[in-house]
Amino acid sequence: MPWFEKPLIAVLRREYAAAMRFPDGVVRSLPEPPPNPCQLYVHVPFCEVLCPFCTFHRVRFCPTRAPRVFQAIRNEIRLYHAAGFRFADVYVGGGTPTVDMTELRAILELVRGLSPVRTISVETNPDHLDPGRLTVLRDCGVNRLSVGVQSFDDGLLRRMERYEKYGSGAAIREHLALAQGRIATLNVDMIFNLPGQTLAMLDRDLDELLELGVDQVSFYPLMIAPTARRKVERTMGAQDTADRHRFYERIVERLQSRYQPASAWCFSRGDGMIDEYIIDQEDYVGVGSGAFSFVGGAMYATSFSLNHYCRLVENGHTGISERRALGLRERMRYDFLVRLFGGELSRENIEQRYGRSFWLYMAPELAAMRLIGATRHDRDAIRLTRRGMYCWTLMMSEFFNAVNAFREQMRGNIRIELESWNTPATPPPGTGETDSNRVTK
Ligand SMILES: C[S@@+](CC[C@H](N)C(=O)[O-])C[C@H]1O[C@@H](n2cnc3c(N)ncnc32)[C@H](O)[C@@H]1O
Ligand code: SF4
């Protein structure tokens, strides 16, 4: 483990835990639309099976109850559009958006009918890479498809409880080969530093990826929110972070001959590939239960209760239930995190947005990251060094850990409702769906 890892993580944990509090209370008002088209994130909170390591907001797909949620998602998009929001880039994530192709098609047709869209990115799983779904996705204008693979190692897939549902490493490879070339950018999501994973296993994963030559690879470190650690350890085993840096260095070393870093953990085969949505634009709107938005310097969260979310939208509101206005320094730090995660922060961009105050307010962070050797200050931009790529991987994963802790807290408030989705064969007496995320606050 490099010398800076422990102190850096200690500082990040404290800072990000504070950043993920939403003190502004229940919010109903719509944010003001930004002057330019922004990004739209659509959260589809359904999966056929639930992976134990996943801390995203998702429930088991139920074909009889899901249509109400999909209807609410489309109405929420209409509401933002009517309020003046325009969307240039669309990212449909989850969950598993391809779980119901009729509903996904309806969402994409709606968005494309409302305003011109440049890029559409959709997340999926390997067993959904069939000719029928791929044709629908292409017809709907999807130009980036992101497939969750995690690993090609059958033992690790079993530990992750993905082998039965999504297939063996060999089956996944076949599905990917079928999909390649049918969508402009095919991205593969992988996870490293999994419990039980060795460097030799990682090497075999890298061999597979290089042989397949997929357009883009996103390699996430396993991120476990402190609240989810016990559940993950029970199903997958204890996580050891001692080798995380070695794993990361091996990934960069092996991919660099054929791939360019598009972010600290996303590697693309050429220019013109569509990258992860987080780094592209300043403002983004998230629709769907459990989505986040960042508009006009404030962060918003939509209700995690699917029932409450539907009721809000049915009553003419957005699904927003929480808001946090960011102060100037918080916005600068968010920019510093997100822009440098993409590799560089241009001086022109900084001066335009903040003037000289950026250098003053951000002096401690700028000095600390330079001292670590994570950044290089050029005439036109601040850039990440190779060491910086690992630092930013740590920073982003700590940021997501804080987001995941917030998700766990919100989901903790609606346990009965989640049970009613996740064990449909034996619903608890009275179903007992809660009406809000704030019931136990
Ligand atoms: C939330 S899933 C949605 C798409 C699809 N359902 C899937 O499984 O890929 C997107 C990706 O997030 C990543 N992911 C989920 N939980 C993670 C965790 N705890 N740590 C690191 N990456 C994670 C996985 O690589 C996964 O493929
Ligand atoms: S990793 Fe993907 S398939 Fe598994 S629970 Fe999370 S969203 Fe669903």
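None of these values were measured; they are calculated from a predicted model.

Participant: Would you mind showing me how to read the sheet that holds strand β15 (residues 344-346) here?
Facilitator: Across a sheet, strands are paired by hydrogen bonds formed along the backbone, either parallel or antiparallel in direction. If you walk across this open sheet you meet the three strands as β15-β17-β16, and the pairing is antiparallel. The sheet is open, and its two edges are formed by β15 and β16 (375-377), each paired on a single side. Averaged over all pairs of adjacent strands, the angle between strand axes in this sheet comes to 15°, irrespective of strand direction. Relative to β15, helix α12 (residues 328-341) is tilted by about 120°, and along the sheet it contacts β15, β16 and β17 (381-384). Across the sheet, helix α13 (residues 347-354) is in contact with β15, β16 and β17; its angle to β15 comes to roughly 55°.

Participant: Help me out: how do you make sense of unusual backbone geometry in this one?
Facilitator: Among all residues except glycine, the phi angle is most often negative; among peptide bonds, the trans geometry is most common. A cis amide bond links Gly 94 to the next residue, Gly 95, at an omega of 15°. Locating Gly 95 in the fold gives a position in the loop between β4 (87-94) and α3 (101-114). Of note in the backbone geometry, Asn 193 takes a positive phi value of approximately 65° without being a glycine. With respect to the helices and strands, Asn 193 occurs in the loop between β7 (185-192) and α8 (199-212).

Participant: When you look at the pattern of salt bridges in this model, what are you seeing that I'm missing?
Facilitator: Two side chains bearing opposite charge may form a pair once their charged atoms approach each other closely. One pass over the structure, following the stated rule, counts 28 salt bridges. Linking Arg 333 and Glu 15 is a salt bridge whose minimum nitrogen-to-oxygen distance equals 3.1 Å. Separated by 318 residues along the polypeptide, Arg 333 in helix α12 and Glu 15 in helix α1 (residues 5-19) bring together distant segments of the chain. Residue Arg 333 is classed as partly exposed on the basis of its relative accessible area, which comes to 27%. Given a relative accessible area of 26%, Glu 15 falls into the partly exposed group. The residue Arg 254 makes a salt bridge to Asp 207 at a minimum N-O spacing of 2.6 Å. Pair noted here: Arg 254 is in helix α10 (residues 244-255) and Asp 207 is in helix α8, with a separation of 47 residues, a long-range link. Judged by its relative accessible area of 24%, Arg 254 falls in the partly exposed class.

Participant: Even after reading the chapter, I still don't get helix α16 (residues 386-412), so can you show me in this structure?
Facilitator: Because an α-helix packs 3.6 residues into every turn, residues spaced three or four apart end up facing the same way. In this model, α16 (27 residues) spans 39 Å end to end at C-alpha, consistent with the 39 Å of a helix rising 1.5 Å per residue. Most of α16 is tucked away: 20 of the 27 residues are buried.

Participant: Hey, could you run me through the site of ligand 1 in this one?
Facilitator: Around ligand 1, 18 residues are found, and the nearest of them are Phe 53, Glu 123, Gly 148, Gln 150 and Met 223. Here an oxygen atom of ligand 1 and a side-chain polar atom of Gln 150 are 2.6 Å apart. With respect to ligand 1, the side chain of Asp 189 contributes an N or O atom lying 3.4 Å from an oxygen atom. When ligand 1 is considered free in solution it has 540 Å² of accessible area, and contact with the protein chains removes 95% of it. Elements represented by at least two residues in the shell around ligand 1 include exactly β5 (119-124), β6 (144-150), β7 and β8 (216-221). Classifying every residue of the shell around ligand 1 by side-chain character gives eight nonpolar, seven polar and three charged.

Participant: Which parts of the structure should I look at to understand the packing of aromatic side chains?
Facilitator: Any aromatic ring pair is given by two values, namely how distant the centres are and how the planes are angled relative to each other. Throughout the structure, instances matching the rule amount to 22 aromatic pairs. Ring centres 5.6 Å apart and planes at 85° place the aromatic pair Trp 3 and Phe 4 in the edge-to-face group. Overall, the relative accessible area of 57% leaves Trp 3 in the exposed class. Considering the side-chain rings of Phe 46 and Phe 61, the 5.9 Å spacing of their centres and the 70° angle between planes classify their relative orientation as edge-to-face. With a gap of 15 residues between them, Phe 46 in strand β2 (residues 46-47) and Phe 61 in the loop between β3 (59-60) and α2 (66-82) connect regions that are remote in the sequence. Overall, the relative accessible area of 21% leaves Phe 61 in the partly exposed class. Aromatic rings pair up to connect Tyr 16, Tyr 220, Trp 265, Phe 294, Tyr 334, Phe 341, Phe 399 and Phe 400 into one cluster. One cation-aromatic arrangement involves Arg 65 over Trp 421; the distance from NZ or CZ to the ring centre is 4.1 Å.

Participant: Would you take a moment to explain helix α7 (residues 169-179) for this structure?
Facilitator: All of the buried residues in α7 are Gly 169, Ile 172, Leu 176 and Ala 179. Along the long axis of α7, the arc covered by the buried residues comes to 85°, so they all point the same way. Where α7 is buried, its residues meet α4 (131-139), β6, α5 (154-159), α6 (163-166), β7 and α8.

Participant: Hey, could you run me through a nonpolar patch on the surface in this one?
Facilitator: Taken together, Leu 328, Leu 360 and Tyr 361 make up a surface patch of nonpolar side chains, about 320 Å² in accessible area. With respect to the helices, strands and loops of the structure, Leu 328 is situated in helix α12. Its relative accessible area of 42% is what places Leu 328 among the partly exposed residues.

Participant: Mind showing me how you'd approach the pairing of β6 here?
Facilitator: Walk down a regular strand and you will see the side chains alternate between the two sheet faces. Buried residues dominate β6, accounting for seven of its seven residues. Side chains of β6 alternate between two faces, with Arg 144, Ser 146, Gly 148 and Gln 150 and Leu 145, Val 147 and Val 149 buried alike. Here four bridges tie β5 to β6, and the two strands are oriented parallel to one another. Bridge assignment links Val 122 to a residue of β6, and that residue is Leu 145. The handedness of the β5 to β6 crossover, carried by α4, is right-handed.

Rules and cut-offs
Residues numbered from 1 in each chain as written. Chains lettered and ligands numbered in written order. Predicted model: local features only at pLDDT ≥ 70, side-chain atom pairs only at ≥ 80, totals over all residues. Heavy atoms only, no water. Pairing = 2+ DSSP bridges. Helix = DSSP H or I, 4+ residues; strand = E, 2+ residues; numbered from the N terminus. Axes fitted to C-alpha atoms, helices over the stretch in contact; angles between N-to-C directions. Contact = heavy atoms within 4.5 Å. Salt bridge = Lys/Arg side-chain N within 4 Å of Asp/Glu carboxyl O. Buried < 20%, exposed > 50% of the residue type's maximum accessible area, 1.4 Å probe, protein only. Expected span 1.5 Å × (residues − 1). Near = heavy atom within 4 Å. Polar contact = N/O pair within 3.5 Å; in protein donor to acceptor, adjacent residues only side chain to side chain. Areas by Shrake-Rupley, 256 points an atom, 1.4 Å probe, with all protein chains shown as cover. Nonpolar A, V, L, I, M, F, W, Y, C, P; charged D, E, K, R; others polar. Phe/Tyr/Trp six-rings, centres within 6.5 Å; stacked < 30°, edge-to-face > 60°. Lys NZ or Arg CZ within 6 Å of the ring centre and 35° of its normal. Arc of directions from axis to C-beta. Patch = residues over 30% accessible without salt bridge, like charges linked within 9 Å, V, L, I, M, F, W, Y side chains within 5 Å. Right-handed = clockwise from strand over helix to strand, strands pointing away.

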